[in-house]
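Observations on the three-dimensional arrangement
The residues making up each chain are set out below.
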Amino acid sequence: MPLHSCAAPSKGLGYMETPRPKSSSQDAINGLWTIGLCSFVIAALYFGRDILTPIALAALLTFLLSPLVTRLQRYVGRICAVLLVVFMMLGLTIGSGWVLTRQIVDLGTKLPDYKENIRMKIKAFQLPSGGAFSKLSETFDDLKKDLPIGNGEIGDKTDEGIRKLESQESGEAIPVEVVSTPDASPLELFKLIVAPVVGPLGTAALVLLLMVFMLLQRDDLRNRIIRLIGQGRISATTSAMDDAAARVSRYLFMQLVVNVTYGMGVALGLWIIGVPNAILWGTFATVLRFVPYVGPWIAAAFPIILSIAVSPDWWMPVKAIGLFVVLELVSNNVMEPWLYGSSTGVSSIALIVAAVFWTYLWGPVGLVMATPITVCIAVMGRHIPQLAFLNVILSDEDALTPAEDCYHRLLRAGGDDELELAESYLKTHTLTDFYDSMLIPALVAAGKDQNRGVLDRDQISQVEHAIGELLEELDDRLPGIAKIPESLPDHVSSLVGPCRIHCVPAKAERDRLSAEMLAQLLRVQKFEVTVSPPQLTASEKLERIRQEDPDVICISVTEPTSPSQARYLCMKFRAAFPKRKIAIGLWDMASVPAETEKALREAGADLIMKGVADTQIAVMRLSSAISREMQPAPIPPDDEKRVQALELSGAMKTQDDFTVVTDKLTRIFEAPIAILSLIDKDTQHFKAQSGLPDELGAEGGSPRETSVCGHVVAADEFVVIEDLARDRRFAGNTFVKKNGFRFYAGAPVHSPDGHAIGSLCLIDTHPRDFTQRERKLLEEYAAEVSDDIRRATDAI
């Protein structure tokens, strides 16, 4: 099988398929151990929640108060700073509790006054009868019957209720049954009244005590944790703890700011609307908003229900609902993104799952603690390699790199979403980044998977075909989806001629696709680029290069293609084309080993580059150097006879004034300069000219090697160059660059015996198009000038 072939061998005699990796017994044991460990941890969290919950709450408060303690201890010492912060927190808690108690008592005294409004709203509320609402309507009517109807009357329309009502109207006595209850013992009364209060107070005291000691001993606790879990990984553990502390502290502080701001907005808005006890509801909103997802709506339910009871109409409840909706939108879409930023680093779906998990384990406290605990776990996964899977599961970072995402999409049969990915990526990145960071790494990954036997021939063909189609689609839609400046980098000459580049794949189809990416970039810069098929043999590639006659040969190598393939081709090309520039692109190589670079240099490579972007710039630099090498006008084989014909024609000595012709040409073609030049052995003579700079016109000519008309004489044919700066023959021409010439069109002028002795040409300082009609017209004028020279010769 030839070296250039990348096809998979047929499954015939002697072919052994590469074995796929199998799971070892050790892997199975490790998996069972992981499952058992996770089960044990979850069980310990569940059954030990009574012990772990106070510790977790104390740690949460420690995270929140640590920055304030750190600031204060600079002035008053750690112990005083901790006590001062604790007393401040207790003072705020007691003060808030006293205000809330007054608000609750005030609300309790006002509630009976709202009974009539509640009765009227329920009676006025009617549901449509029949259909799906029939059962609901009947139930609602039954509930209205149970409402008091005034003056102690009962709205119960059951048989017993009617009998009681008739007994009251007839004056009959209603039998009363006295039910005696046994006297409760003091211990039972204690359990009934005091125990429900002592339990939460004891937990709160324990949390407070733990928090005080954690604040006092936080450095010692941190050192012990590092000693416990950071053996051999002290730097990683320290980074993880610092990162977790910073993220959790910032998150809690920003959440406190957001919730307090939210509560103030609720209190102010409800006060303006007219809902009683606005301070109470604002405080509830602040506290309950620490409970994710459900807390804000629980806090909103109480004032909305109260507004229904207070208001005689429905405008107050509508305003209250609108207030909470607006505050939620502002808080979620403005305040939280602005203040939180990337403080947590945990994905939204991970927070939701964590909230459900911790609520199941620890109840409402777990719901409050879900976000801080999840942040700590995600940070551990980010810094500890053994727990990296936690970072993948919980972090808000992209699960796949751009290259992995691209490779994943290419492997999906019938997905056809590569263009969507490209368009999305190119909105914020350049085309070279797209090639270097996505497509080429995907090609490399596919090639390596093929070598390992993970991908078969059909799958690798699918990937390569999808990339080829994507490149074709990009070629058509490039101006619309990627803005590529046509100007070259500052370190590359702005007048680079469009050198011809020929890209040669080293071996496989992936090498050709990488070469097509480079070709696409260079074509935008007006280069002439061709790419050989990878199936050609080395001799066929040599023949193709001879036909193309490029200025630069670029050999494309994409891993896992070996650089030795490029070395072999480079030796062949250097032997056949000693003066050609050869560049080798080693795509997606982080670094080129010194031995490899030395071997490629010895094989004849002028440039060794890695990455499409670097190769593009390198080729453009090389092209700039080639363009600066001025290419003088060729000397035809019969130049001596041509010079003799010029002398015999007498055109150099004739007194005929051809300025009339050049003036006429400038008017007809609207060109600033027209010249009739005659070329002898070394010089271009301006026999007649119109529009040349005075200094140049006074010189009467220029060296032949820098003249553009010399190319017309050498080829003895009409020459049109629409942009001299973009023609590699003249981009470095000192005569052209000095005078700012950009356009040239010249027709040969012949001696009586048919030799090309000069040119009748048009020159412009701006690039321009030249139509076929204009060309024909200029040729006719050149023929007339040739006839005039012939008549002058005959006259002599």
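You'll find the structure just up there.
I will try to describe carefully the structure that is included in this document. (Residues numbered from 1 in each chain as written. Predicted model: local features only at pLDDT ≥ 70, side-chain atom pairs only at ≥ 80, totals over all residues. Heavy atoms only, no water.)

1. Focus: the pairing of strand S11 (residues 756-764)
Burial within S11 is extensive, with 9 of its 9 residues counted as buried. What sits between strand S10 (residues 743-750) and S11 in their antiparallel hairpin is a turn of 5 residues, with glycine 754 showing a positive phi close to 100°. (Buried < 20%, exposed > 50% of the residue type's maximum accessible area, 1.4 Å probe, protein only. Helix = DSSP H or I, 4+ residues; strand = E, 2+ residues; numbered from the N terminus. Pairing = 2+ DSSP bridges.)

2. Some details on helix H21 (residues 538-548)
Ala538, Lys541, Leu542 and Ile545 are the residues of H21 that are buried. Take H21 and look down its axis: the buried residues cluster within an arc of 105°, on one side only. Every exposed residue of H21 that faces more than 90 degrees away from the buried side is listed here: Ser539 and Gln547. If you follow the buried residues of H21, they end up packed against strand S1 (500-505), strand S3 (552-558) and helix H22 (563-576). Where H21 ends, the next residue or the one after it, aspartate 549, has phi of about 50°, a positive value. (Arc of directions from axis to C-beta. Contact = heavy atoms within 4.5 Å.)

3. Remarks on the pairing of S1
Two faces belong to every sheet, and in a regular strand the side chains alternate between them. In terms of burial, S1 is largely enclosed, as 5 of its 6 residues are buried. Strand direction decides the pairing type here: S1 and strand S2 (residues 528-531), joined by 4 bridges, are parallel. Note that in S2 the partner of isoleucine 501 across the bridge is valine 529. Each parallel crossover has a hand, and the one from S1 via helix H20 (residues 509-524) to S2 is right-handed. As defined by bridge partners, S1 adjoins S3 across 5 bridges and the pair is classed as parallel. Bridge pairing links isoleucine 501 to valine 552 in S3. (Right-handed = clockwise from strand over helix to strand, strands pointing away.)

4. Regarding the packing of H22 against helix H23 (residues 594-603)
Across the interface, H22 lies against H23 with an axial gap of 8 Å and an inter-helix angle of 20°. Compared by their axis directions, H22 and H23 come out roughly parallel. Seen from above, H22 lies across H23 with right-handed handedness. Each of Pro563, Ala566, Arg567, Cys570, Met571 and Arg574 in H22 lies in contact with H23, whose residues at this interface are Thr596, Ala599, Leu600 and Ala603. (Axes fitted to C-alpha atoms, helices over the stretch in contact; angles between N-to-C directions. Parallel < 35°, antiparallel > 145°, perpendicular 65-115°, else oblique. Left-handed = near helix turned anticlockwise from the far one by under 90°.)

5. Quick notes on the sheet that holds S10
Hydrogen bonding along the main chain pairs the strands of a sheet, whether they run parallel or antiparallel. Spatially, S8-S7-S6-S11-S10-S9 is the arrangement adopted by the 6 strands of the open sheet, whose pairing is antiparallel. Two strands close off the open sheet at either side, each with one partner strand: strand S8 (701-703) and strand S9 (719-721). On average, each strand axis in the sheet is inclined to that of its neighbour by 25°, with strand direction left out of account. In terms of strand pairing, strand S6 (residues 673-679) meets strand S7 (residues 683-690) through 6 bridges, oriented antiparallel. Paired with leucine 678 across the bridge in S7 is histidine 685. The strands that helix H25 (residues 639-649) touches are S6 and S11; relative to S11, the one it contacts most, it runs at about 85°.

6. Details of a negative patch on the surface
On the surface, Glu469, Glu472, Asp475 and Asp476 cluster together into a patch of negative charge. Take aspartate 475: it is sitting in helix H19 (residues 457-481). (Patch = residues over 30% accessible without salt bridge, like charges linked within 9 Å, V, L, I, M, F, W, Y side chains within 5 Å. Areas by Shrake-Rupley, 256 points an atom, 1.4 Å probe, with all protein chains shown as cover. Salt bridge = Lys/Arg side-chain N within 4 Å of Asp/Glu carboxyl O. Lys, Arg positive; Asp, Glu negative; His and termini not counted. Charge placed at Lys NZ, Arg CZ, Asp CG, Glu CD.)

7. A look at the nonpolar core
Phe434, Tyr435, Leu439, Ile467 and Ile501 are the most contacted members of the largest nonpolar core, which has 50 residues in total. Of the residues forming this core, the biggest block, 10 residues, is contributed by helix H18 (residues 431-451). If near-sequence neighbours (up to four positions away) are discounted, isoleucine 467 is found in contact with Leu410, Leu439, Leu443, Leu513 and Met517. With 25 residues, the next largest nonpolar core counts Ala688, Phe718, Leu762 and Tyr781 among its residues. (Core = buried A, V, L, I, M, F, W, Y, C linked by side-chain atoms within 4.5 Å.)

8. A word on the side chain of threonine 62
Positionally, threonine 62 belongs in helix H2 (residues 49-76). Ignoring anything within four residues of it in the chain, the contact list for threonine 62 reads Met211, Met214 and Leu215.

9. Points about the packing of helix H10 (residues 278-288) against helix H11 (residues 295-310)
Look at H10 against H11: their axes get within 7 Å of each other, and the N-to-C directions meet at 165°. Regarding the angle of H10 to H11, the classification is roughly antiparallel. Along this stretch, H10 crosses H11, giving a crossing that reads as right-handed. Between H10 and H11, the contacting residues are Trp281, Phe284, Ala285 and Leu288 on the first element and Gly295, Pro296, Ile298, Ala299, Phe302, Pro303 and Leu306 on the second. Residues that form the contact of H10 with H11 fall into these classes: 10 nonpolar, 1 polar and no charged. (Nonpolar A, V, L, I, M, F, W, Y, C, P; charged D, E, K, R; others polar.)

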